[in-house]
Amino acid sequence: MNEIKHHLTDALLMAYSAGSLPEGFNLVVATHISMCDECRARMHEFDTVGGAVMDAEAPEGLSDGSFAATLALIAAEPKDAIVAKPAKGDLPAPLQDYVGGNLADVKWRKVGGGVRQAILKTDKSASVRLLHIPAGAQMPDHGHRGTELTLVLQGAFKDETDRFGAGDIEVASEDDHHQPVAEMGQDCICLAATDAPLRFNSWIPRIAQPFLRI
Amino acid sequence: MAWVTHLAAIRDNQDQSAFAEVFGYFAPRVKAFLMKSGASPDLAEDVTQEVMATLWRKAHMFDPAKASVSTWIFTIARNRRIDVLRKQRRPEPEDLTWGPEAEPDQEDVLALQQESAQLGEAIAALPDKQRELIVRAYYGELTHSEIADATGLPLGTIKSRIRLALDRLRHQLK
Ligand SMILES: [Zn+2]
Ligand SMILES: [Zn+2]
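Here the structure is a predicted model, which is why all the values come from computation and not from measurement.

Considering the coordination of the zinc ion (ligand 1)
Residues and elements named next belong to chain A. Taken together, His 7 (ND1), His 32 (NE2), Cys 36 (SG) and Cys 39 (SG) make up the full set of protein donors to the zinc ion (ligand 1), lying 2.1 to 2.3 Å away. Coordination at the zinc ion (ligand 1) is tetrahedral: its 4 donor atoms span angles of 95 to 126° at the metal. Positions of the donor residues of the zinc ion (ligand 1) along the chain correspond to the pattern H-x24-H-x3-C-x2-C. One end of the pair, His 7, is in the segment before α1 (10-18); the other, Cys 36, is in the loop between α2 (23-35) and α3 (37-55), with 29 residues separating them in the sequence.

Focus on the sheet that holds strand β7 (residues 163-164) of chain A
Hydrogen bonds between backbone atoms are what pair the strands of a sheet, whose relative direction is either parallel or antiparallel. Residue and element names in this part refer to chain A. An order of β7-β6-β10 is seen for the 3 strands of this open sheet, with the pairing classed as antiparallel. Two strands bound the open sheet, and with one partner strand each, they are β7 and β10 (181-182). Relative to β10, strand β6 (residues 157-158) runs antiparallel, the two sharing 2 bridges. Directly across from Phe 157, in β10, lies its bridge partner Ala 182.

Notes on the coordination of the zinc ion (ligand 2)
Residue and element names in this part refer to chain A. Summarising the metal site, the zinc ion (ligand 2) is bound by the protein donors His 142 (NE2), His 144 (NE2), Glu 148 (OE) and His 178 (NE2), whose distances to it range over 1.9 to 2.1 Å. Taken together, the 4 donor atoms coordinating the zinc ion (ligand 2) span angles of 89 to 144° at the metal, a pattern that classifies the geometry as irregular. Read in sequence order, the donor residues for the zinc ion (ligand 2) give the motif H-x1-H-x3-E-x29-H. Side by side, His 142 and Glu 148 carry an identical accessibility label, which is buried.

Topic: helix α2 (residues 16-36) of chain B
Residue and element names in this part refer to chain B. For α2, which comprises 21 residues, the first-to-last C-alpha distance of 29 Å matches the rise-based estimate of 30 Å (1.5 Å per residue) to within 8%. Remark: the principal bend of α2, roughly 35°, maps to Phe 26, with a proline, Pro 28, within the next four residues. Of the residues trailing α2, Gly 38 is marked for its positive phi of about 105°.

Some details on α1 of chain A
Of all the 9 residues making up α1 of chain A, 8 are buried; the element is thus mostly covered by neighbouring parts of the structure. Gly 19 of chain A sits one or two positions beyond α1 of chain A and adopts a positive phi of about 80°.

Focus: the interface of chain A and chain B
On the chain B side, the residues contacting the 64 residues of chain A number 66 residues. Between chain A and chain B, a total of about 6200 Å² is buried, with carbon and sulfur atoms accounting for 61% of that surface. Seen at the junction of chain A and chain B, the total is 2 salt bridges. Here Asp 47 of chain A and Arg 78 of chain B are joined by a salt bridge, their closest N and O atoms 3.1 Å apart. When contributions to the side of chain A that touches chain B are tallied by element, the ones reaching two or more residues are α1, α2, α3, α4 (66-76) and α5 (93-99) of chain A. Per element, the largest residue contribution to the side of chain A that touches chain B is 18 residues, and it comes from α3 of chain A. Its residues placed into classes, the side of chain A that touches chain B shows 32 nonpolar, 14 polar and 18 charged.

What counts and how
Residues numbered from 1 in each chain as written. Chains lettered and ligands numbered in written order. Predicted model: local features only at pLDDT ≥ 70, side-chain atom pairs only at ≥ 80, totals over all residues. Heavy atoms only, no water. Donors = N, O, S within 2.8 Å, 3.2 Å for Na, K, Ca; no water. Tetrahedral: all angles 85-135°; square planar, octahedral: opposite > 155°, others 65-115°. Helix = DSSP H or I, 4+ residues; strand = E, 2+ residues; numbered from the N terminus. Pairing = 2+ DSSP bridges. Buried < 20%, exposed > 50% of the residue type's maximum accessible area, 1.4 Å probe, protein only. Expected span 1.5 Å × (residues − 1). Bend = angle between axes of the 7 residues up to and from the residue. Contact = heavy atoms within 4.5 Å. Buried area = accessible area lost by both parts, 1.4 Å probe. Salt bridge = Lys/Arg side-chain N within 4 Å of Asp/Glu carboxyl O. Nonpolar A, V, L, I, M, F, W, Y, C, P; charged D, E, K, R; others polar.

Listed below in structure tokens is the structure:
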């Protein structure tokens, strides 16, 4: 893997640790952390902040039978089995759960211009998809109404801001406008999540928008 | 540090008195945390019992070189909250290839536990307004963009303490 240059923001990591992100964003964050030691360490930091917040709470009284009730729960199901790790696939583990297997199991649909996508099932607060962009192909030029996270799994793309290679994540917000172009040489596969519809500049993608669910 | 020994006693000897002490300290804090996060007192009580039962069941997964006991309990409580209150799945990062089976280095454990305690002290020492913002973020009251404003706080200097301990740890494991 090439060196990761574009990481999660502190805000995303803290929101992930606090548990306030949409499910689709959690998936992108968890997938990046699976690929990035640096952000894994930062996640542990934010979890430690959460632990300190909880630890500092003024204790809330429990009902009298609470400890006994907990022991009863334990007696009903004493210990977690140590589950064997599944054989490593070609996708990071959190993504494998959503795809239901490896890259070869992804159910792609054509969306035009040689680009294929697979929408992954999450709750409605954000939409998350895998994108397969042929080497050298362009995505439609667009702006954002909310936050868009794009994590590169394979290949690379360039846009007005920078170059994004495998493991890199681009965090785009309302002020950002870009046109990602896949690099020559290898098809680019990305995991992309948005919490609001994109803003397209040309009418063709605008007409297609309801069908593509972008 | 003491809680780490309690967890080991629960894991190795199913020690109920160690569990009772952990319960006595943490369960009322977990309940308070869940209530502040929007759970009713009854729901918070039920979820707290589940969290503490999970601690017992997963004691073999606790790695004192990666987290303090309060950090670990926080992550269990947070995940239950997402599950129960938000009815959402929680994608977790892939486990690293090194597991809790490997006996962690005692020096790393000690360093990490100390750093975690210091982080708690540093947060407590923040001016009220700043501390309030962090606390509200962890109750799930702030959106991602509201948190973006909060991360401009001097949290960076606080976090760097824990970063050093974790960095040292990761390099040893590589
Ligand atoms: Zn990263
Ligand atoms: Zn975009």
